[in-house]
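Coordinates in review
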Number of protein chains: 4
Amino acid sequence: MSHNTFGHLFRVTTWGESHGPAIGCVIDGCPPGIRFRMEEIQAELDRRKPGSSRFVTQRREPDTAKILSGVLPDESDDGTLVTTGTPIAMEIENVDQRSKDYGDIAKQYRPGHADFTYDVKYGLRDYRGGGRSSARETATRVAAGALARKIVPGLTVRGAIVAIGTEAIDRGNWDWQVVEREDNPFFTPDAASIPRFESYLDELRKAHDSVGALIEIVAEGVPAGLGAPIYGKLDTDIAAGLMSINAVKGVEIGDGFAAARLKGTENADEMRIGDNGEPEFLANHSGGILGGISTGAEIVARFAVKPTSSILTPRRSVDRDGQEIDVVTKGRHDPCVGIRAVPIGEAMVACAIADHYLRHRGQTGRI
Amino acid sequence: MSHNTFGHLFRVTTWGESHGPAIGCVIDGCPPGIRFRMEEIQAELDRRKPGSSRFVTQRREPDTAKILSGVLPDESDDGTLVTTGTPIAMEIENVDQRSKDYGDIAKQYRPGHADFTYDVKYGLRDYRGGGRSSARETATRVAAGALARKIVPGLTVRGAIVAIGTEAIDRGNWDWQVVEREDNPFFTPDAASIPRFESYLDELRKAHDSVGALIEIVAEGVPAGLGAPIYGKLDTDIAAGLMSINAVKGVEIGDGFAAARLKGTENADEMRIGDNGEPEFLANHSGGILGGISTGAEIVARFAVKPTSSILTPRRSVDRDGQEIDVVTKGRHDPCVGIRAVPIGEAMVACAIADHYLRHRGQTGRI
Amino acid sequence: MSHNTFGHLFRVTTWGESHGPAIGCVIDGCPPGIRFRMEEIQAELDRRKPGSSRFVTQRREPDTAKILSGVLPDESDDGTLVTTGTPIAMEIENVDQRSKDYGDIAKQYRPGHADFTYDVKYGLRDYRGGGRSSARETATRVAAGALARKIVPGLTVRGAIVAIGTEAIDRGNWDWQVVEREDNPFFTPDAASIPRFESYLDELRKAHDSVGALIEIVAEGVPAGLGAPIYGKLDTDIAAGLMSINAVKGVEIGDGFAAARLKGTENADEMRIGDNGEPEFLANHSGGILGGISTGAEIVARFAVKPTSSILTPRRSVDRDGQEIDVVTKGRHDPCVGIRAVPIGEAMVACAIADHYLRHRGQTGRI
Amino acid sequence: MSHNTFGHLFRVTTWGESHGPAIGCVIDGCPPGIRFRMEEIQAELDRRKPGSSRFVTQRREPDTAKILSGVLPDESDDGTLVTTGTPIAMEIENVDQRSKDYGDIAKQYRPGHADFTYDVKYGLRDYRGGGRSSARETATRVAAGALARKIVPGLTVRGAIVAIGTEAIDRGNWDWQVVEREDNPFFTPDAASIPRFESYLDELRKAHDSVGALIEIVAEGVPAGLGAPIYGKLDTDIAAGLMSINAVKGVEIGDGFAAARLKGTENADEMRIGDNGEPEFLANHSGGILGGISTGAEIVARFAVKPTSSILTPRRSVDRDGQEIDVVTKGRHDPCVGIRAVPIGEAMVACAIADHYLRHRGQTGRI
């Protein structure tokens, strides 16, 4: 990964700050002939959109994506677009910046934020909110991911919250349909967890605090053979993609950290010939990837998001001028940024898989 | 990351299979004028070398690195070499292949190995042992890492085992000097854990089993400002580097997965002005990286290694011809591949830091 | 170079079709703290702008660039902008598309155009004009080049026409000031050539024909040491940049093709110690680059542009349905696209130099 | 192109200096299942090999390539190798270095050489001959090109000298079979030119001089559709590849620089439906590439090589210590390095085509 671009054949470059006029991305290398509708892109963006419940930031951003290049109306003339193979530029206007909310923090180094490090690195920074390091950037990834999903035939990438702070779901209740329910503001797959999460987060908000979260992404329909040896491993690129999301501090594949505690007899997924005459795995500790290459089983990745650093409880810090200060971060912030990270994680996994699908087809012609 | 190369300015390309004549790497973009001795490279390789205790593979590989390009003897003529700025090719002969040990598994898909996935991807594979997916490849990274350490003035990168299977160290006993002690075959920083690990692993070996491990890497002396926004984050590249190591299933930075359970008041590292008049952090939950950019504090990363898949206990599997089989993997394998992963993890972190040091200098000129 | 991106540290990605809503670019890796005014970007764009004389296309495009990210007003508050180090997105609206002009050629393969090859490659293409292959894309390069010029202290990059078709300038009359004169629509440095070019092109237009051109780019103030061995040669990247401009069929450095006819005694630039005590070259056959690395002398590159393929004279061709047809390309086309290629060539050379300036600083720290 | 690597999916990284122990390359991304014999690689290397006639350097290098990874013997067991899809490392020993020949020039800046620029860039250089900038590096490209030729079914890439200094061939005599004739040390396709070139070069050698050359490369069997818009144009990558060869000062495609003097009515290749019912071109001014994408016609590229800079005639120069000196370059040098550039040019064109073949298959799946 390099600067603001990821991917090798399916390449996404993003740009924009939270308080500039717009954010956007350029998707380069998308195959020609992919058909989609703007509603499909928008539906993904709406899942990440702020302001949808009291548990996420109250910033009011419609997050409407425009496409400026790389597509044509298809012959049906019903609004379906078709990719031409040239770069696809997408843009999302910043509507509700309210940059005066941030006026008093232009010189402050908010603890847990990138204010200090951007200043050290660049000698200056966009003081109007998080600038480039704002989670707002991730909207463009979600838009790119919506296209990536279309590239691999039969691919489904879904995500869910598996824990918010110290409250975990009951995996026995897992139901993907629950995740998308209107009355579920948490992307949890466990309906019983909804009231628990509600009261937990309400308490945290009252305490002027925030909390982290754990997200799981599952990709089904990934053909076996995607990935590349050693440094272009599929899991390497998934891990890099997830780790590049703001506030992510850990990534794991399959059994992940739990695998460190397993024995060889417990961990290696045994194989048999399935009813269809094809090899099949009797378990999926590996999370669908062996030696960096997809096995055909579900790809399972999890990532940990730290608590929102912007909180109303005063924290000790310093400012640009070397003064010691107390920082209280007003503004409209998610009490748990991990919640809205679910569609972002899906997008990054979808992009990594789409990229490796094209790379595999390129190198081997076997797909 | 792309295929068999990583890094953007400090680029490492590796090649070679476990049972071919040699393995090697090409380091491109190394600054000119870096002085080192072959003994320094060799010392790092010796730390990863097989056969050094009964807890690692008994394969006898001297792992002697040769340098074929990109260096000159320096003026001192005492064996010190100096880099010229051109690509540095290093090569390590495979001495003790014993490929007949593997003859019976040429068609078998060993559970937990990449045999199946390489076959699906490429239509054929190097059946003589793990081929490209063998951990042997990692020797070349260690050699590259030994050079990377030289690039950033004042940089120290050290690693340690923090758990083997269900046995964890006592962090209260942490002593870096213990890690390098001759009678410590585990890279553990807790002297008291040595006998515990010994008996634990002896039992596992008798039971024809293996186990995973957890490794921690700490980098000191990293200047603040290294990294790049969004996709070229320092933590993204560290995560990618560690995840690209064989058998790694999880990576975390700073508090990592534990951060998902923390509150904002607990997690964000507060700041004050230190005795030297410079900003300093009062804690290091972030693991030395904020917004993808180094803070100047210690960089802390951990990664989880799954148990060795090659075990003497029979596992159910299938072969290339679609036959159901039982696989027993003979050969000489580490009961816990995680142990020798310590110097490999150090090398990957050192390479990521060196690359970002050069990138930061290139873009900003501020170092 | 990869798809729609060029550069390694100073990276430019462009997007957009001639008849979509806009075209644009994202500049990634620009150093922070570069100060500039929009007027400076605009001045470069105006030099390439269509409609400025009867010798270029009459399409009326204001080509006004907007910047959407990566900059802040500087402290002077006089309109000066300063780069922040994050990606700079620039956008230019397409105002005067008139896409119905092109309606009848949606299925035609215009000789000399990319219609056939895009169709073969992608299975479809943007039939509204040249789409992605339109010279309109080059406006975004000019905008990027305007910034690139600011990165290397003391750098000047200038270009001039040296021949239009069979009419060459008299190099003895070379005067850089003539190039920018209001009454010089040709970027010629030879005032005496202006009336010659005028009558030559007027005749061609009347004959419903077009013609090629030869352009020379000269970069002064390039520090010695920029470039990289072998594949990252400065001349390689300049050649690639120039060859990537639409309609360019040849590129040369220094004496270029003429060097093939020279003897070694004539070609190698001898050296002496100059009045300032530094080594200096007594000639510049090399065009300022030896072994891929800048010598400190002027960098001189030339490139050949083929005649505009869109002409009013009927040409034999075929269409998508396999019918043989005669094609007459109406629309508003430059009789000599090479003229407006001058600022584009400058931009590509400036970008290559800026990129190598940052790369050199990154790898060696010697600047 | 970046540092010492070229290609996007078919990537070649080279290393090594003329007077180190060996030179080599790593080919990453080669498709699996490509069958070849070492004799085929060697045959290409032998065409470039020094010492084969009195018109090339008398250095005696067998240039025997070894392959260290990425291949297996195929099932036929007759010496045929098959690629496995993993990186292919090739190595060529430096046998006849005679580095004492160069002892007296360790501090000298040879005119026309990279001695001065390497010193300025890196602060030191390999003083034992040309080091990294020696044409010896190109042997590794020829080896890589031999494999690249195998990737595109039906591809033929051939090259020929079209002029040595002021002596040009008669294109009317063009016969590809002449190029490979044993008694033709010049790669000329015009048998009648052989004695002319002989006497011309003999005179130059006697005069202690050298001369440049012009080479033409023709690729047949390139499917239409290879290339990518704008910066990943097939001609851009061919131009970059050719320009990256030592001593190359100019590159052109199709009519090249001559196109600058043509009219639109002369230049654009008209089309008709051929006897096979497919579109065909009635001419090939474009050299087989339109809009950066192959048309299916022959790809034609030419490049200009400057005269060998190492000559026995004294040239004025300076040395590292700032002393003015006269340089006479002894050693064993080609009087016309352009001759041996023919197989190198072929290799670079073959690599570019192979890379774009894989990229096209990856992005579009249309091949």
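Residues numbered from 1 in each chain as written. Chains lettered and ligands numbered in written order. Predicted model: local features only at pLDDT ≥ 70, side-chain atom pairs only at ≥ 80, totals over all residues. Heavy atoms only, no water.

An unreviewed UniProt entry lists chain A under the name Chorismate synthase, with Fulvimarina manganoxydans given as the organism. The UniProt entry for chain A carries the following comment under Sequence similarities (unreviewed entry): "Belongs to the chorismate synthase family." Under Subunit (unreviewed entry), UniProt gives the following word-for-word description of chain A: "Homotetramer." (UniProt positions renumbered as here; feature names shortened; annotations may be inferred.)

A separate point is the overall build of chain A. Looking only at helices and strands, chain A features eight helices and 19 strands. For a compact globule of 367 residues, the expected C-alpha radius of gyration is about 21 Å, and chain A comes in at 21 Å, within 12% of that figure. The principal-axis extents of the C-alpha atoms in chain A amount to approximately 70 × 50 × 40 Å. Looking at chain A as a whole, 69% of its 367 residues are labelled buried. When the accessible area of chain A is evaluated, it comes to approximately 11,100 Å², of which 47% is carbon and sulfur surface. Of note, chain A has its 44 positive side-chain charges centred 5 Å away from the centre of its 52 negative side-chain charges. (Helix = DSSP H or I, 4+ residues; strand = E, 2+ residues; numbered from the N terminus. Rg over C-alpha atoms; globule rule 2.2 N^0.38 Å. Buried < 20%, exposed > 50% of the residue type's maximum accessible area, 1.4 Å probe, protein only. Areas by Shrake-Rupley, 256 points an atom, 1.4 Å probe, with all protein chains shown as cover. Lys, Arg positive; Asp, Glu negative; His and termini not counted. Charge placed at Lys NZ, Arg CZ, Asp CG, Glu CD.)

When the parts of a complex come together, some accessible area is lost, and that lost area is often taken as the interface size. Each partner contributes residues to the interface: chain D has 107 residues there, and chain C has 107 residues. Between chain D and chain C lies a buried interface of about 8,800 Å² when both sides are counted; carbon and sulfur atoms form 59% of it. Considering only the surface of chain D that becomes buried against chain C, D:K121, D:Y231 and D:K249 emerge as the three largest contributors, covering 11% of it. Here chain D is connected to chain C by eight salt bridges. (Contact = heavy atoms within 4.5 Å. Buried area = accessible area lost by both parts, 1.4 Å probe. Salt bridge = Lys/Arg side-chain N within 4 Å of Asp/Glu carboxyl O.)

A few words now on the interface of chain B and chain D. Of the residues lining the interface, 40 residues belong to chain B; the matching set on chain D comes to 40 residues. Roughly 3,000 Å² is buried in total at the junction of chain B and chain D, and carbon and sulfur atoms are behind 63% of that figure. Three residues, B:W15, B:L68 and B:L72, lead the burial of chain B against chain D; their summed loss comes to 18% of the area buried on that side. For the pair chain B and chain D, the interface holds zero salt bridges. For the pair chain B and chain D, the number of links is six residue pairs in polar contact (both at pLDDT 80 or more). Only β2 (11-16), β3 (22-28), β7 (81-83), β8 (88-93) and α2 (115-122) of chain B provide two or more residues apiece to the side of chain B that touches chain D. Considering each element in turn, the side of chain B that touches chain D owes the most residues, five residues, to β2(B). Within the side of chain B that touches chain D, the residues separate by chemical class into 16 nonpolar, 16 polar and eight charged. (Polar contact = N/O pair within 3.5 Å; in protein donor to acceptor, adjacent residues only side chain to side chain. Nonpolar A, V, L, I, M, F, W, Y, C, P; charged D, E, K, R; others polar.)

The geometry of an aromatic ring pair is captured by two quantities: the separation of the ring centres and the angle between the planes. All names here are of chain D. The tally for this structure, following the rule as stated, stands at 30 aromatic pairs over all chains. Seen in terms of ring centroids, Y109 and F116 are 5.4 Å apart; in terms of plane orientation they differ by 75 degrees. Their pairing is edge-to-face. For Y109, a relative accessible area of 7% corresponds to the buried category. By relative accessible area, which is 10% here, F116 ends up buried. (Phe/Tyr/Trp six-rings, centres within 6.5 Å; stacked < 30°, edge-to-face > 60°.)

Glancing now at helix α5 (residues 193-206) of chain A. Residues and elements named next belong to chain A. Between its first and last C-alpha, α5 extends 20 Å over 14 residues, near the 20 Å set by a 1.5 Å rise per residue. Every buried residue of α5 is accounted for by S193, I194, F197, Y200, L201, D202 and L204. Its buried side turned inward, α5 meets β9 (156-164), β10 (167-168) and α8 (337-364). Positive backbone phi, at 55 degrees, marks H208, one or two positions downstream of α5. (Expected span 1.5 Å × (residues − 1).)

The next point concerns the relation of the copies chain D and chain C. Both copies of the chain are related through a single rotation about an axis accompanied by a shift along the same axis. Take chain D, turn it by 180 degrees, move it 0.0 Å along the axis, and it overlays chain C with an RMSD of 0.0 Å. The operation mapping one copy onto its partner corresponds to a two-fold rotation axis. A high fraction, 100%, of the interface residues of chain D reappear at the interface in chain C, so the copies pair face to face through one surface. (Least-squares fit on C-alpha atoms with pLDDT ≥ 70 in both.)

Our next topic: the sheet that holds strand β5 (residues 65-67) of chain B. Residues and elements named next belong to chain B. Across the sheet, which stays open at both edges, the five strands sit in the order β1-β2-β3-β8-β5 with antiparallel pairing between neighbours. Strands with a single pairing partner mark the edges of an open sheet, and in this sheet they are β1 (5-6) and β5. Judged from the two bridges that link them, β1 and β2 form a sheet pairing that is antiparallel. Directly across from F6, in β2, lies its bridge partner V12. (Pairing = 2+ DSSP bridges.)

Where strands meet in a sheet, backbone hydrogen bonds hold them as pairs that are either parallel or antiparallel. Residues and elements named next belong to chain B. One open sheet holds the three strands; their spatial order is β4-β7-β6, and the pairing between them is antiparallel. With partners counted over all chains shown, the strands left at the sheet margins are β4 (35-36) and β6 (71-73), one partner each. Where β6 lies against β7, three bridges are found, and the strand directions are antiparallel. Each residue of the ladder has a partner; that of L72, found in β7, is V82.

To continue, consider the UniProt feature "binding site: FMN" (unreviewed entry) in chain A. Residue and element names in this part refer to chain A. Residues annotated in UniProt with the feature "binding site: FMN" (unreviewed entry) correspond here to R132, S133, S134, N246, A247, G291, K306, P307, T308, S309, S310 and R332. Structurally, S309 can be placed in the loop between β17 (299-305) and β18 (315-318). Apart from the residues within four sequence positions on either side, S309 is in contact with P111, G112 and H113. Only 3.3 Å separates the side chain of S309 from the backbone oxygen of G112, close enough to count as a polar contact. Mapped onto the elements of the fold, S310 is located in the loop between β17 and β18. For S310, a relative accessible area of 8% translates into the label buried.

On to the relation of the copies chain B and chain D. Once turned by 180 degrees and shifted 0.0 Å along the axis, chain B lies on chain D with an RMSD of 0.0 Å. Interface residue correspondence from chain B to chain D reaches 100%, placing this contact among same-surface, isologous pairings.

Looking now at the environment of A:V222. All names here are of chain A. With respect to the helices and strands, V222 occurs in the loop between β11 (213-220) and α6 (234-243). Relative accessible area serves as the criterion here: at 4%, V222 is assigned to the buried category. Residues V222 and I88, spaced 134 residues apart in sequence, show a C-alpha to C-alpha distance of 24 Å. Those residues in contact with V222, other than ones at most four positions away along the chain, are L155, S294, G296, I299 and I353.

The next subject is the UniProt feature "binding site: NADP(+)" (unreviewed entry) in chain A. All names here are of chain A. According to UniProt, the positions carrying the feature "binding site: NADP(+)" (unreviewed entry) are R48 and R54. Among the secondary structure elements, R48 is positioned in helix α1 (residues 38-48). If we ignore the near neighbours within four places in the chain, the residues touching R48 are D63, A135, R136, T138, A139, V142, R340, P343 and I344. As for its placement among the helices and strands, R54 is situated in the loop between α1 and β5 (65-67). Sequence-distant contacts of R54, that is, excluding residues within four places in its chain, are made with D202 and R205. In this structure the side chain of R54 is engaged in a polar contact, spanning 2.8 Å, whose partner is the side chain of D202.

Residue and element names in this part refer to chain B. The backbone of H208 shows a phi angle near 55 degrees, a positive value even though the residue is not glycine. On the secondary structure map, H208 appears in the loop between α5 (193-206) and β11 (213-220). For H208, a relative accessible area of 38% translates into the label partly exposed.

Moving on, we get to the packing of helix α3 (residues 138-151) of chain A against α8(A). All names here are of chain A. Following both chains from N to C, one finds α3 and α8 inclined at 45 degrees, their axes separated by 7 Å at the closest point. Taken together, α3 and α8 sit at an angle that is classed as oblique. Of the two possible hands of crossing, α3 and α8 adopt the one that is left-handed. Only P343, I344, E346, A347, M348, A350, C351, A354, Y357 and L358 of α8 make contact with α3, whose side of the interface consists of T138, R141, V142, A144, G145, A148, R149 and I151. The residue inventory of the contact of α3 with α8, partitioned by class, reads 13 nonpolar, two polar and three charged. (Axes fitted to C-alpha atoms, helices over the stretch in contact; angles between N-to-C directions. Parallel < 35°, antiparallel > 145°, perpendicular 65-115°, else oblique. Left-handed = near helix turned anticlockwise from the far one by under 90°.)

Per the stated rule, a full pass over the model turns up 135 salt bridges over all chains. The salt bridge involving B:D74 is made with B:R35; its shortest N-O contact spans 3.0 Å. Here B:D74, found in the loop between β6 and β7, pairs with B:R35, found in strand β4; they are 39 residues apart in sequence, far enough to count as distant. Overall, the relative accessible area of 41% leaves B:R35 in the partly exposed class. Residues participating in the shared-partner salt-bridge network are A:E44, A:R47, A:R149, A:E180 and A:E346.

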